[in-house]
Amino acid sequence: MSSTVRTRFAPSPTGYMHIGNLRTALYEYLISKSQNGKFILRIEDTDRNRLVQGAEEVIYRTLETVGLKYDEGPDIGGDYGPYRQSERKGNYLKYAEKLVSLGKAYYCFCEKSDEEEHASGHTDKCRNLSEEEVKKFLNEKKKFVIRQKMPKEGSTYFDDVVFGRVEIENKELEDQILIKSDGYPTYNFANVIDDYEMKITHVVRGSEYLSSTPKYNLLYEAFGWEIPTYVHLPLIMGKNEDGTTSKLSKRHGAVSFEDLLKKGYLPEAIINYIAFLGWCPDSNQEIFSLKELEKEFSAERISKSPSIFDYKKLDWFNAEYIRAKSKEEFLKLSLPYIQKVIKKESVNKEKIAELLQSRISVLEEIPEIIEFFETQPEYDTELFRNKKSKSTPETSLEILKSIENELETASSWDYETLHEILINFAVKNELKNAIVMWPVRIAVSGKTVTPGGAIEILEILGKEESLRRMQEAIKKLENK
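Now for a quick tour of the structure. (Residues numbered from 1 in each chain as written. Predicted model: local features only at pLDDT ≥ 70, side-chain atom pairs only at ≥ 80, totals over all residues. Heavy atoms only, no water.)

**Focus: the pattern of salt bridges**
Phase 1: The tally for this structure, following the rule as stated, stands at 28 salt bridges.
Phase 2: Here Arg84 makes a salt bridge to Glu56, at a shortest N to O gap of 2.6 Å. Note that Arg84 is positioned in the loop between helix H2 (55-66) and helix H3 (89-101) and Glu56 in helix H2, a separation of 28 residues in sequence.
Phase 3: Among the residues examined, Arg84 registers a relative accessible area of 18% and is labelled buried.
Phase 4: With its nearest N and O atoms 3.0 Å apart, the salt bridge here joins Lys428 to Glu406. Of this pair, Lys428 sits in helix H16 (residues 415-428) while Glu406 sits in helix H15 (residues 393-408), and the two are 22 residues apart along the sequence.
Phase 5: For Glu406, a relative accessible area of 25% puts it in the partly exposed group. (Salt bridge = Lys/Arg side-chain N within 4 Å of Asp/Glu carboxyl O. Helix = DSSP H or I, 4+ residues; strand = E, 2+ residues; numbered from the N terminus. Buried < 20%, exposed > 50% of the residue type's maximum accessible area, 1.4 Å probe, protein only.)

See the structure below:
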């Protein structure tokens, strides 16, 4: 086996990129890069019935977006290609036939109706066919599959980096199909052959494959090949409404990478978070760039316990990454969400972005938070009542009337000028700032919670719209 660490991400192009798939890709990438190794992309497209058009492009796009640059792959080539299993079809039959000659596999001519018997290990019908019978059926062009001949006694064990020594009774292993009737290899068989030919040293996959790993090892042993290092990853669980957990699925919300992007999570935040779904660093640090993860990661620190996908924790990571962006970067990210609801050219979208950056966790929150800038919602005059500022609808009416007059004559409409007008009004009338700011905020927004306070909202809305809304509020209070 190669002295260079070589890992492979081998997804099937059957749909979207699930968070579990992405975590596997990330860990494989980090295992190789932390040891100056090679990370390979291989497309496993032998299950022709499940292929989804465009799914392969999703794989390329996802890996590029998160920065998992592979060293070899279908689109860039390499020394051990081709890297698409359908293009390696001619390779697999010869290996299966070799196993037949070694007595480790056999031709099976059973009909599909016999599949259940095979799966349960309750049939030896084809397992014990004579050479003459096999030749006869082959000459008659009878449909066949090639099955692995499992030992019926004893046990098979292996060592896993995460789970330690794992032992499986051989009687639990069915005679799995290696070559299907259409000539294509099964996923399990193709994996082994390709891993050997591509000199893969570390096989990383979900813990659901623990019980089937002996099947792979028996194949390696039959050929006399060195067995790779296994790293089986813990399950990712989702929280159910009743407080229980179950394997992460669509019912737990957005579980594909692209769905998370659409909701406004940043790629680097997603990668940082999923790195912690089963692994922890040797420190209290939580924010890691991909380069930092490459240096810090160790497979020995992967936990065998299932991890919980927690949206609140993902929100925290995302908020940290949002706040770390420059103003220019955040404006570019937030502008599409701002423009969903803000159509007026007069509304300063840059100022809105500045208000939002420290106040949101996910970009998807933006439209609902800021829609009052475009259209003021209907509101009740009771919103002017606030215990903390000691505001009432009655005091608010008087304050708004006075402030409106002062704002009408404002020489300019910037933050500094507006701040001076409102603060000076409070000082002049011996009022606390809060009792002045509260009615202004309600009048121009119609909301008790807003990104930014009264002054920021006035500046963004502009003089004409701000005064119009204040006049509407005065009428509302006078007629209540």
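**As for H16**
Phase 1: If you check H16, its first and last C-alpha atoms are 20 Å apart, about what 14 residues at 1.5 Å a residue would give, namely 20 Å.
Phase 2: The complete set of buried residues in H16 reads Thr417, Leu418, Ile421, Leu422, Ile423, Phe425 and Ala426.
Phase 3: The secondary structure elements touched by the buried residues of H16 are H15, helix H17 (433-445) and helix H18 (454-461).
Phase 4: If you check the start of H16, you find a side-chain oxygen 3.2 Å away from the backbone N of Glu416, and it comes from Asp414.
Phase 5: Phi turns positive one or two residues past the end of H16, at Glu430, with a value near 55°. (Expected span 1.5 Å × (residues − 1). Contact = heavy atoms within 4.5 Å. Polar contact = N/O pair within 3.5 Å; in protein donor to acceptor, adjacent residues only side chain to side chain.)

**Regarding the sheet that holds strand S11 (residues 245-247)**
Phase 1: If you walk across this open sheet you meet the three strands as S11-S10-S12, and the pairing is mixed. The open sheet has two free edges, formed respectively by S11 and strand S12 (307-309), since each of these has just one partner strand. Ignoring strand direction, the axes of neighbouring strands in this sheet form an average angle of 45°. (Pairing = 2+ DSSP bridges. Axes fitted to C-alpha atoms, helices over the stretch in contact; angles between N-to-C directions.)

**Describing the sheet that holds strand S7 (residues 177-179)**
Phase 1: Taken together, the three strands give an open sheet; going across it, the order is S3-S4-S7, and neighbouring strands pair in antiparallel fashion. This sheet does not close on itself; its edge strands, each paired only once, are strand S3 (105-108) and S7. Direction aside, neighbouring strands of the sheet carry axes that sit 40° apart on average.
Phase 2: Where S3 and strand S4 (residues 145-148) come together, four bridges link them in antiparallel fashion. Paired with Tyr106 across the bridge in S4 is Arg147.

**So, the state of the cysteines**
Phase 1: Taken as a whole and judged by the stated rule, the model has zero disulfides.
Phase 2: This cysteine, Cys108, is not joined by any disulfide, and Cys110 carries the nearest cysteine sulfur, 3.7 Å off.
Phase 3: Take Cys126: it sits in no disulfide, and the sulfur closest to it among the cysteines is that of Cys110, at 3.4 Å. (Disulfide = S-S within 2.5 Å.)

**Some points on the side chain of Ser466**
Phase 1: Locating Ser466 in the fold gives a position in helix H19 (residues 463-478).
Phase 2: According to the relative accessible area criterion, Ser466 is buried, its value standing at 0%.
Phase 3: When residues no more than four places from it in sequence are discounted, the contact partners of Ser466 are Trp413, Val444, Leu458 and Leu461.

**Points about the packing of aromatic side chains**
Phase 1: According to the stated counting rule, one finds 24 aromatic pairs in the structure shown.
Phase 2: In textbook terms, an aromatic cluster arises when at least three aromatic residues are bridged by ring pairs, as seen for Tyr27, Tyr273, Phe276, Trp279, Phe288, Phe297, Phe309, Tyr311, Trp316 and Phe317.
Phase 3: The lysine or arginine in question, Lys89, covers the ring of Tyr184, its NZ or CZ lying 4.4 Å from the ring centre.
Phase 4: One residue, Lys476, lies across the ring of Tyr379, its end atom 4.6 Å from the ring centre. (Phe/Tyr/Trp six-rings, centres within 6.5 Å; stacked < 30°, edge-to-face > 60°. Lys NZ or Arg CZ within 6 Å of the ring centre and 35° of its normal.)

**Digging into the pairing of strand S10 (residues 236-239)**
Phase 1: Relative to S12, S10 is paired through three bridges, and the arrangement is parallel. The residue bridging Gly238 from the neighbouring strand is Phe309, located in S12.
Phase 2: Pairing between S10 and S11: three bridges, direction antiparallel. Looking at S11, one finds that Gly238 is bridged to Ser246.
Phase 3: In this structure, the hairpin formed by S10 and S11 is closed by a connection of five residues, where Gly243 is found at a positive phi of approximately 95°.

**Some thoughts on the pairing of strand S2 (residues 38-41)**
For a regular strand, side chains alternate in direction, first toward one face of the sheet and then toward the other.
Phase 1: Alignment of strand S1 (residues 6-9) against S2, held across four bridges, turns out to be parallel. Residue Thr7 lies in a different strand from S2, and its bridge partner there is Phe39.
Phase 2: This β-α-β element, S1 to helix H1 (residues 19-33) to S2, shows right-handed connectivity. (Right-handed = clockwise from strand over helix to strand, strands pointing away.)

**A look at the nonpolar core**
Phase 1: In this structure, Ile352, Ile370, Phe373, Leu400, Ile403, Leu407 and Leu422 are the most contacted members of the largest nonpolar core, which totals 54 residues.
Phase 2: By residue number, the principal contributor to this core is H17, which donates eight residues.
Phase 3: Dropping the residues within four chain positions of it, Ile352 is found in contact with Ile338, Ile342, Val347, Ile370, Phe373 and Ile460. (Core = buried A, V, L, I, M, F, W, Y, C linked by side-chain atoms within 4.5 Å.)

**A look at the packing of H15 against H19**
Phase 1: Packing of H15 against H19 leaves a shortest axis separation of 10 Å and a crossing angle of 150°. Comparing the axis directions of H15 and H19 gives the class roughly antiparallel. The two elements H15 and H19 meet at a crossing, and its hand is left-handed. Taking contact as the criterion, the partners of Pro393, Ser396, Leu397, Leu400, Lys401, Ile403, Glu404, Leu407 and Glu408 in H15 are, on H19, Lys463, Leu467, Met470, Gln471, Ala473, Ile474, Leu477 and Glu478.
Phase 2: Of the residues in the contact of H15 with H19, the class split is 10 nonpolar, two polar and five charged. (Parallel < 35°, antiparallel > 145°, perpendicular 65-115°, else oblique. Left-handed = near helix turned anticlockwise from the far one by under 90°. Nonpolar A, V, L, I, M, F, W, Y, C, P; charged D, E, K, R; others polar.)

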